[in-house]
Amino acid sequence: MGTTHSPRSDTRARIVAVALELFAEQGYEQTSLREIADRLGVTKAALYYHFKTKDDIVHGIVQGMAAPIDETIAWGRDQEWSPELRDELIRRFAAGMSERAPLLRFFHENQPALRESPAGLEFKDRMIAMIRLVHGPDADFEDRLRATMALFTINSALFMLKQDVSEQNDAREHCAVEARVATLEEAMSAAQRVALEIGGLIRRPPAHV
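What you are looking at is a predicted structure, and each value in this text was computed from that prediction instead of being measured.

### So, helix H6 (residues 83-99)
For H6, spanning 17 residues, the distance from its first C-alpha to its last is 25 Å, which sits close to the expected 24 Å at 1.5 Å a residue. Within H6, burial applies to Pro 83, Leu 85, Arg 86, Asp 87, Leu 89, Ile 90, Phe 93, Ala 94, Gly 96 and Met 97.

Here it is as structure tokens:
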């Protein structure tokens, strides 16, 4: 059976994966296109053939890894708001981000550099769209805040997980007792439960008369 993947798309995927690794290791601003090319084992010219700038690479990361958010937004816009819809939106968002944890971690760790970049603004627009779907129409400030916090619970879980891993490594260096660190699956499962608890406080919008 044939495949829809081409050598060019495979190369772009490799570049995105390697760039994401380097961005996570040393930060977006500290990583150069030369370093990305060197880790890939290609020339800068070969890299330029696919991506002209680092922001082009970040755009590729967003496009390739934010598909579940786009699918959830498209689905949610066709539904009438209800508590059941609210919870399903949160579940779908959590599931999609659990599968793409490196993207969420990347944006969390590089917020200052990406906040006003085209890719960063695209991701911000996606999050705003998701938040609006979760709280529904006619929401007051408190419910809009709850919707925001429910979705950002997923991001917070990744932050906590990274912090726990760092503290565990410090304990090993000092021969201290190590606390058990949750797995990524456990952390994301806990994040979804907490997100649903917060989302559950969002009130049903009043009916229009």
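### Some points on the pattern of salt bridges
Inspection of every chain in the model, using the stated rule, returns 10 salt bridges. Put simply, Asp 70 and Arg 126 hold a salt bridge, and the shortest N to O gap is 2.8 Å. In this pair, Asp 70 is assigned in helix H5 (residues 67-76) and Arg 126 in helix H9 (residues 118-135), connecting sequence segments 56 residues apart. A relative accessible area of 32% places Asp 70 in the partly exposed class. Owing to a relative accessible area of 11%, Arg 126 belongs among the buried residues under this scheme. Salt-bridge contacts for Arg 146 lead to Glu 142; the nearest nitrogen and oxygen are separated by 3.3 Å. With Arg 146 and Glu 142 both in helix H10 (residues 141-173) and 4 residues apart, this pair spans about one turn of that helix.

### Some points on the nonpolar core
Residues Phe 23, Ile 36 and Ile 57 are the most contacted members of the largest nonpolar core, which totals 56 residues. Here this core takes 8 residues from H9, the largest share from any one element. Setting aside chain neighbours within four positions, we find Ile 36 in contact with Ile 15, Val 18, Ala 19, Leu 22, Phe 23, Thr 31, Leu 47 and Ile 57.

### Here we look at the environment of Ser 117
Locating Ser 117 in the fold gives a position in the loop between helix H8 (111-114) and H9. Looking at Ser 117, the relative accessible area reads 9%, which means it is buried. Along the primary structure Ser 117 and Val 58 are separated by 59 residues, whereas in three dimensions their C-alpha atoms are 9.3 Å apart.

### Points about the environment of Ser 189
Structurally, Ser 189 can be placed in helix H11 (residues 184-199). Classification of Ser 189 as partly exposed rests on a relative accessible area of 34%.

### Description of the environment of Met 130
Looking at where Met 130 falls in the secondary structure, it is placed in helix H9. Sequence separation of Met 130 and Thr 148 is 18 residues, and the distance between their C-alpha atoms is 8.8 Å. When residues no more than four places from it in sequence are discounted, the contact partners of Met 130 are Ile 69, Thr 72, Ile 73, Leu 89, Phe 93 and Leu 151.

### Brief notes about a nonpolar patch on the surface
On the surface, a cluster of nonpolar side chains totalling about 310 Å² of accessible area is made up of Phe 141, Leu 145 and Met 149. Summarising the element assignment, Met 149 is placed in helix H10.

Cut-off values and rules
- Residues numbered from 1 in each chain as written.
- Predicted model: local features only at pLDDT ≥ 70, side-chain atom pairs only at ≥ 80, totals over all residues.
- Heavy atoms only, no water.
- Helix = DSSP H or I, 4+ residues; strand = E, 2+ residues; numbered from the N terminus.
- Expected span 1.5 Å × (residues − 1).
- Buried < 20%, exposed > 50% of the residue type's maximum accessible area, 1.4 Å probe, protein only.
- Salt bridge = Lys/Arg side-chain N within 4 Å of Asp/Glu carboxyl O.
- Core = buried A, V, L, I, M, F, W, Y, C linked by side-chain atoms within 4.5 Å.
- Contact = heavy atoms within 4.5 Å.
- Patch = residues over 30% accessible without salt bridge, like charges linked within 9 Å, V, L, I, M, F, W, Y side chains within 5 Å.
- Areas by Shrake-Rupley, 256 points an atom, 1.4 Å probe, with all protein chains shown as cover.

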